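A closer look at the structure
What follows is each chain in one-letter form.
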Amino acid sequence: MTGGLRILFVSPLDRRTVPNTREQNMADECRALGHETLSLTLAQNTARSPGAVLRDSLSWRVAHSDDGRVVRIDPPLNPCTGLETNLATGKGDGGAPSMRRLVVRWLSPLGVLRDLTIVPAFLVHALRRGRFDLCIAYGPWAACVGWWLRRLGRVGLLVYDDQDYEPAILRNRTRQRWAVFLERAMMRRADAVVSVGHRLAALRQAQTGRDVTVVPNGVPARSLLPPRGVEPPPQPFTLVYVGNLVPWSGLDVMLDGLPAVLAEGLSLRVWIVGDGSPPYVQGLRDRVAALGLGAVVEFVGRVPNERIGEWLGQADVGLAHFRDEPYRRYAFPLKVIEYMAAGLAVIGTLDTETEDILARHGCGVAVACEPAAIAQAILRLANDDALLQRCRSQARHSAPAYLWSTLTARELAVAAAVQGRHPREQPV
């Protein structure tokens, strides 16, 4: 597929609250190739007060980016993302039936109905924007939008971009079953299916019988940091975590392992770069205080994407030790490639796509997501300089294969191959 295409991206991730998304990077690269893009994204509300939750559940709001290329849609029945999770990970209130908890528990199940409002809400805005040669849809509900647009003659080709194992994200069992059904149905109906990792691709092939192409996550060229050259004076061995601060990140497990690391006399510092679920973040801060790690652990907070390199460039090891959950087992963490691009060794979790990446490129170690195992991995990398330098060299050497420009061209090539095999009439 050559230049001059109109490409529609449909994504459940809100660029405002989840920066540096797969959709955002691919849309940027498509425009660099001369294509016109429009991105429809689902708003992710963060307000948790009863009034705000009620407002977000009942209203339909839309926001456009200054250049008109991104439409952020907040459909009805769209309360704060992860309300049930936030309640489960927050501090107890002695069982008191606070107004906030009552409202949250009443509205959380409406997520089942929200899934039904997303498709028509997105369709309304897509139909206003004319015809598209290609729709790249991220996940089952986005693919539903693309499928209807193709049936209505507004989209030429539909690519299902399988960026996550969606059912594992959902807590409600009805929504999980609905997600499983919709994933398989939409993958069978799409013109092509692309998965972010090899484990997820194998699962989808077994579920649907479709050929699935692997197009992983990546980094922009600016993220490839040059070697440091002459090593700076000795400094504390530095660990860095970049990304969302949520329960599956395993940061609480890592903190529990740090006293054992410090007991071995290692000079250590840990940077946690990012933000996330307020109850979980507060729990991490409380844990740092309780373990006496205040002089070791720094909560940097969220920083702009273009400044992440300032932190990665001073670190030794990147942390990607996620809890062993289905969602993380199939995930292809963008942060792992960011660490590699900065020349960091990586600590990951066994039996995950992350372990496979580290083994494929020889750029880190994978261990169980347990305090003792993580502590041993830190000490191993800190005390074996040959291993550390080998991992860092391999990371830097392997990272250029994951440039977004290359990966986006690969995804467009998948669509072009389908178009060549099964040419469709252009939308009218």
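Before any of the text, the structure's been laid out above.
Below, the structure is looked at part by part. Positions within a chain are numbered from 1, following the residues in the order the chain's sequence is written. Totals for whole chains, interfaces and linings use every residue, but because this is a predicted model, local features are given only for residues with pLDDT of at least 70 and side-chain atom pairs only at 80 or more, for both listing and counting. Water and hydrogen atoms were dropped before computing side-chain values, which therefore reflect all heavy atoms in the structure.

**Looking at the overall build of the chain**
Counted only if it meets this: To qualify as a helix, a DSSP run of H or I must reach at least 4 residues; to qualify as a strand, a run of E must reach at least 2; elements of each kind are numbered from the N terminus. Residue exposure (1.4 Å probe, protein chains only): buried if accessible area is under 20% of the type maximum, exposed if over 50%, otherwise partly exposed. Here the accessible surface of atoms and residues is derived via Shrake-Rupley with a 1.4 Å probe, and residues count as covered only by protein chains that are part of the display.
For the chain, the count of helices and strands is 17 helices and 14 strands. Taken over 428 residues, the chain has a buried fraction of 53%. Element-wise, carbon and sulfur atoms account for 54% of the exposed surface of the chain, whose accessible area totals about 18,000 Å².

**Brief notes about unusual backbone geometry**
With phi around 60°, Asp351 is a residue other than glycine that occupies positive phi space. Here Asp351 is to be found in the loop between strand 13 (345-349) and helix 14 (353-361).

**A short note on the packing of helix 15 (residues 371-383) against helix 16 (residues 385-398)**
What counts, and what does not: Interaxial angles span 0 to 180 degrees and are taken between N-to-C directions of axes, which are lines fitted to C-alpha atoms, for helices over the stretch in contact. Throughout, the term roughly parallel applies to angles under 35 degrees, roughly antiparallel to angles over 145, roughly perpendicular to angles from 65 to 115, and oblique to all others. Residues count as neighbours in contact if any of their non-hydrogen atoms are within 4.5 Å of one another. Only Asp, Glu, Lys and Arg are considered charged in this grouping, and only Ala, Val, Leu, Ile, Met, Phe, Trp, Tyr, Cys and Pro are considered nonpolar; every other residue, Gly among them, is considered polar.
Taken N-terminus to C-terminus, the directions of helix 15 and helix 16 make an angle of 95°; their axes are 5 Å apart at the nearest point. When the axes of helix 15 and helix 16 are compared, the pair comes out roughly perpendicular. Residue-level contacts link Arg380, Leu381 and Asn383 of helix 15 to Asp385, Leu387, Leu388 and Cys391 of helix 16. Of the residues that constitute the contact of helix 15 with helix 16, the class distribution is four nonpolar, one polar and two charged.

**Examining the packing of aromatic side chains**
For clarity, the threshold we go by: Each aromatic pair joins two rings of Phe, Tyr and Trp (for Trp, the six-membered one) with centres within 6.5 Å, and gets the label stacked for planes under 30 degrees apart, edge-to-face for over 60, and tilted for any other angle.
Scanning all chains against the criterion turns up seven aromatic pairs. For the pair Trp178 and Phe181, a centre-to-centre distance of 5.8 Å together with 25° between the ring planes defines the contact as stacked. Note that Trp178 and Phe181 are positioned in helix 7 (residues 173-189) at a spacing of three residues, about one turn of the helix. With a centroid separation of 6.0 Å and 40° between ring planes, the pair formed by Phe332 and Tyr402 is classed as tilted. Taken together, the residues Phe332 in the loop between helix 12 (326-329) and helix 13 (334-341) and Tyr402 in the loop between helix 16 and helix 17 (404-421) connect sequence positions 70 residues apart. Tyr402 shares its class with Phe332; the two are buried.

**Focus on the pairing of strand 3 (residues 61-64)**
The side chains of a regular strand alternate, residue by residue, between the two faces of the sheet. Short version of the rule: By the convention used here, strands pair only if DSSP detects at least 2 bridges between them.
Across four bridges, the pairing between strand 3 and strand 4 (residues 70-74) is antiparallel. Residue pairing for strand 4: Ala63 is matched across the bridge by Arg72. The hairpin formed by strand 3 and strand 4 contains five residues between the paired strands, and Gly68 there has a positive phi angle of roughly 75°.

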